[in-house]
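Summary of the model geometry
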Amino acid sequence: GAAFLASPAFADYPERAITMVVPFSAGGPTDTVTRLVAESMSKELGQQIVVDNVGGAGGTLGAGRVAKAEPDGYTLLLHHIGMATSDTLYRKLAYKTLESFDYVGLVTDVPMVIVASPKFEPNDLKGLIDYVKANKDKVTYANAGIGAASHLCGMLFMSAINTPLTTVPYKGTGPALTDLMGGQVDFMCDQTTNTTNQIKEKKIKAYATTTAQPLAALPGVPTAGEAGLPDFTVGIWHGIYAPKGTPKPALDKLTAALQKALQDPNVVARFASLGTVPVTNEEATPAALEKKLKEEVARWKPVIQQAGQFAD
Ligand code: MLT
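Basis of the calculations
- Residues numbered from 1 in each chain as written.
- Predicted model: local features only at pLDDT ≥ 70, side-chain atom pairs only at ≥ 80, totals over all residues.
- Heavy atoms only, no water.
- Axes fitted to C-alpha atoms, helices over the stretch in contact; angles between N-to-C directions.
- Helix = DSSP H or I, 4+ residues; strand = E, 2+ residues; numbered from the N terminus.
- Parallel < 35°, antiparallel > 145°, perpendicular 65-115°, else oblique.
- Left-handed = near helix turned anticlockwise from the far one by under 90°.
- Contact = heavy atoms within 4.5 Å.
- Nonpolar A, V, L, I, M, F, W, Y, C, P; charged D, E, K, R; others polar.
- Expected span 1.5 Å × (residues − 1).
- Buried < 20%, exposed > 50% of the residue type's maximum accessible area, 1.4 Å probe, protein only.
- Near = heavy atom within 4 Å.
- Polar contact = N/O pair within 3.5 Å; in protein donor to acceptor, adjacent residues only side chain to side chain.
- Areas by Shrake-Rupley, 256 points an atom, 1.4 Å probe, with all protein chains shown as cover.
- Pairing = 2+ DSSP bridges.
- Right-handed = clockwise from strand over helix to strand, strands pointing away.

**What about the packing of helix α5 (residues 149–160) against helix α10 (residues 286–307)?**
For the pair α5 and α10, interaxial distance at closest approach is 10 Å and the crossing angle is 55°. Relative to α10, α5 is oriented oblique. Pair α5 / α10 crosses with left-handed handedness. Together, L152, M155, L156 and S159 of α5 and W300, V303, I304, Q306 and A307 of α10 make up the contact between the two elements. The residue makeup of the contact of α5 with α10, split by class, is 7 nonpolar, 2 polar and no charged.

See below:
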């Protein structure tokens, strides 16, 4: 009889919609990056990528959800530097940072900017530092929970000025930004992918970027170094993960689709308007993401142990 050509495993993958978990609320920076990349990847893969926002505990709840998901290529996670910092910040995680995931690739490295409510008195970074030191029991800082990028930047800022502040945690900096614009919370450090438009529309104040060079997307906003806080730089790198044990043919297709998406002119243009650029093909690989994650877990451990008292 006809020779049975066993279709190579996963030749037809993906055959149904894929879920991509964002471990923060809708409308925030991680959600913005994910929806842009997922929309382009789904064109490449010929299947819908459904974004599922699973917020809480600084991104670790969403990461834990994916770590436990079926390793069949249909549940993915897009997460950022918090994947590395949470490894030190949390005594007990529902997953093992360096063992529970397979890797698709790096996505983009997003700058941060220190922003404030329009009602908040200080008008520049020096004024902010003086003001929060003089009013340390009154001032409120917003973040997206311990392990969030906004938490990391806040910890570094409070450590730099040696002043612990009251933090107000949200499930994402999307909702935090709403309260900031309304004046319910005083200031925060957030990614440009969430704040660039509100800064341009003067709905919030921008004191400084956490970059070595000023950002073309934020003309007139000085770097922290220029504004009086030297060496205050932090970039929020993002990666796409799958549960450990996901078949390699599926991972290979996902990496190929990611590389295509990061060269999609629409993705490149939208990222540029939000102050960031996609990584290169070489970085949009499993090896590059695994290397980055391992390096960052090791890099932030001593920093957090030293500044930990600000990481309440
Ligand atoms: C963070 O602070 O980690 C992110 O801004 C949270 C988010 O993407 O909402």
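**Things to note about α5**
Taking 1.5 Å per residue as the helical rise, α5 with its 12 residues ought to reach 16 Å, and the 16 Å between its terminal C-alpha atoms agrees with that figure. When you tally the buried positions in α5, you get 10 out of 12 residues, the bulk of the element. Within α5, burial applies to A149, S150, H151, L152, C153, G154, M155, L156, F157 and M158. Two residues or fewer after α5 comes N162, characterised by a positive phi angle close to 50°.

**Concerning unusual backbone geometry**
Cis geometry marks the peptide bond from Y13 to P14; its omega dihedral reads -5°. Mapping P14 onto the fold places it in the segment before β1 (18–22). The residue A57 is not glycine, and still its phi comes out positive at about 55°. Accessibility expressed as a relative area gives 34% for A57, which makes it partly exposed. Despite not being glycine, N162 shows a phi value in the positive range, around 50°. Checked against the element boundaries, N162 lands in the loop between α5 and β6 (166–169).

**Observations concerning the site of the ligand**
Lining the immediate surroundings of the ligand are 13 residues, of which T30, H80, A149, S150 and T173 lie closest. Within the side chain of T30, one N or O atom sits 2.6 Å away from an oxygen atom of the ligand. In isolation the ligand offers 270 Å² of accessible surface; the protein chains occlude 100% of this area. Of all elements in the fold, only α1 (29–45), α5 and β7 (187–191) reach the threshold of two or more residues within the shell around the ligand. Looking at side-chain class alone, the shell around the ligand contains 5 nonpolar, 7 polar and 1 charged residues.

**Side note on the pairing of strand β2 (residues 49–53)**
With 5 bridges joining them, β1 and β2 adopt parallel strand pairing. Across the sheet, M20 pairs through a bridge with V51, a residue of β2. For the handedness criterion, the β-α-β arrangement of β1, α1 and β2 is classed as right-handed.

**What about helix α7 (residues 192–200)?**
In terms of burial, α7 is a largely internal element, 7 of the 9 residues being buried. For α7, the set of buried residues is T192, T193, N194, T195, T196, Q198 and I199. On the buried face of α7, the contacting elements are α1, β4 (101–116), α6 (173–182), β7, β8 (205–209) and α9 (265–273). Once α7 finishes, K202 follows within two positions and takes phi at roughly 55°, a positive value.

Geometric descriptors of this kind do not, in isolation, establish any biological role.
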